[in-house]
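# Structural overview
Here are the chains, one letter per residue:
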Amino acid sequence: MLALRGNPAPSAPLFVNEEGERFSVERAAERFRAHLQLAGIDRPELFEDSDERQQVRAHATRSTFITVALANGRSETWVAAGPGTGAPSGPRGIAGRPGRLQNWALAS
């Protein structure tokens, strides 16, 4: 990504829009759905917005990552640390609390 961006300064945002500006958080879900459609993903449930269902949001990738990582044998500690960080702490939430997923699974 850095090579594609022409090796920007360390303080520059890594992921930018077509104008070279930082992505807008307010438009992230809309852009995410547009990119899913461009990639040929057309499952109607992802784009439905009703009283019973929300459209898929960019934040859904976080929970998908956690689910897939655990299903593929990664430890909760690995998930909580965040891949490649080398740090024992990571994102807050259910994955950031070792043992909680196992307790939840046993209770289900």
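### Considering the overall build of the protein chain
The number of helices and strands found in the protein chain is 5 helices and 0 strands. In the protein chain, the succession of α and β elements from N to C terminus is α-α-α-α-α. The buried share among the 108 residues of the protein chain stands at 17%. For the protein chain, restricting intrachain contacts to residue pairs at least 6 apart in sequence, the fraction spanning at least 24 positions comes to 21%. Roughly 8,500 Å² of accessible area belongs to the protein chain as shown, and the carbon and sulfur atoms make up 54% of that amount.

### Observations regarding the confidence of the model for the protein chain
Caution is warranted with low-pLDDT regions, since their predicted coordinates should not be read in detail. Per-residue confidence for the protein chain averages 76 on the pLDDT scale, and 75% of its residues sit at or above 70. Per-residue pLDDT, averaged within each element of the protein chain, yields its smallest value for helix α5 (residues 100-107) (45) and its largest for helix α2 (residues 44-47) (92).

### Considerations on the packing of aromatic side chains
One pass over the structure, following the stated rule, counts 1 aromatic pair. With centroids separated by 5.9 Å and ring planes inclined at 35 degrees, the aromatic side chains of Phe-65 and Trp-78 adopt a geometry described as tilted. Residue Phe-65 is found in helix α3 (residues 60-71), and its partner Trp-78 is found in helix α4 (residues 76-81); the two are separated by 13 residues along the sequence. Across from the ring centre of Trp-78, 4.1 Å away, lies the NZ or CZ of Arg-74, which sits over that ring.

### Things to note about the pattern of salt bridges
One pass over the structure, following the stated rule, counts 3 salt bridges. A salt bridge links Arg-43 to Glu-45, with the shortest nitrogen-to-oxygen separation between them at 3.4 Å. A salt bridge links Glu-48 to Arg-53; the shortest N-O distance between them is 3.7 Å. We classify Glu-48 as partly exposed; its relative accessible area is 35%.

### A closer look at the environment of Arg-53
Note on placement: Arg-53 falls in the loop between α2 and α3. On the basis of relative accessible area, Arg-53 is assigned to the partly exposed category, the value being 36%. In contact with Arg-53, other than residues within four places in its own chain, are Glu-45 and Glu-48.

### Observations concerning α3
Between its first and last C-alpha, α3 extends 17 Å over 12 residues, near the 16 Å set by a 1.5 Å rise per residue. Among the residues trailing α3, Gly-73 stands out with phi positive, at a value near 90 degrees.

### Some thoughts on the environment of Asn-17
On the secondary structure map, Asn-17 appears in the segment before α1 (28-38). Asn-17 sits in the buried class, given a relative accessible area of 16%. Expressed as a C-alpha distance, the spacing of Asn-17 and Arg-31, which sit 14 residues apart in the sequence, is 9.9 Å. If near-sequence neighbours (up to four positions away) are discounted, Asn-17 is found in contact with Arg-22, Phe-23 and Arg-31.

### A word on the side chain of Arg-33
Along the chain, Arg-33 turns up in helix α1. One buried charged residue, Arg-33, remains without a salt bridge, the closest side chain of opposite sign being Glu-30 at 5.9 Å. Among the polar contacts listed, one links the side chain of Arg-33 to the side chain of Gln-55, at a separation of 2.9 Å. With residues up to four places along the chain from it excluded, the contact list for Arg-33 reads Leu-46, Phe-47, Gln-55 and Val-56.

The rules behind the values
- Residues numbered from 1 in each chain as written.
- Predicted model: local features only at pLDDT ≥ 70, side-chain atom pairs only at ≥ 80, totals over all residues.
- Heavy atoms only, no water.
- Helix = DSSP H or I, 4+ residues; strand = E, 2+ residues; numbered from the N terminus.
- Buried < 20%, exposed > 50% of the residue type's maximum accessible area, 1.4 Å probe, protein only.
- Contact = heavy atoms within 4.5 Å.
- Areas by Shrake-Rupley, 256 points an atom, 1.4 Å probe, with all protein chains shown as cover.
- pLDDT = per-residue confidence, 0-100.
- Phe/Tyr/Trp six-rings, centres within 6.5 Å; stacked < 30°, edge-to-face > 60°.
- Lys NZ or Arg CZ within 6 Å of the ring centre and 35° of its normal.
- Salt bridge = Lys/Arg side-chain N within 4 Å of Asp/Glu carboxyl O.
- Expected span 1.5 Å × (residues − 1).
- Lys, Arg positive; Asp, Glu negative; His and termini not counted.
- Polar contact = N/O pair within 3.5 Å; in protein donor to acceptor, adjacent residues only side chain to side chain.

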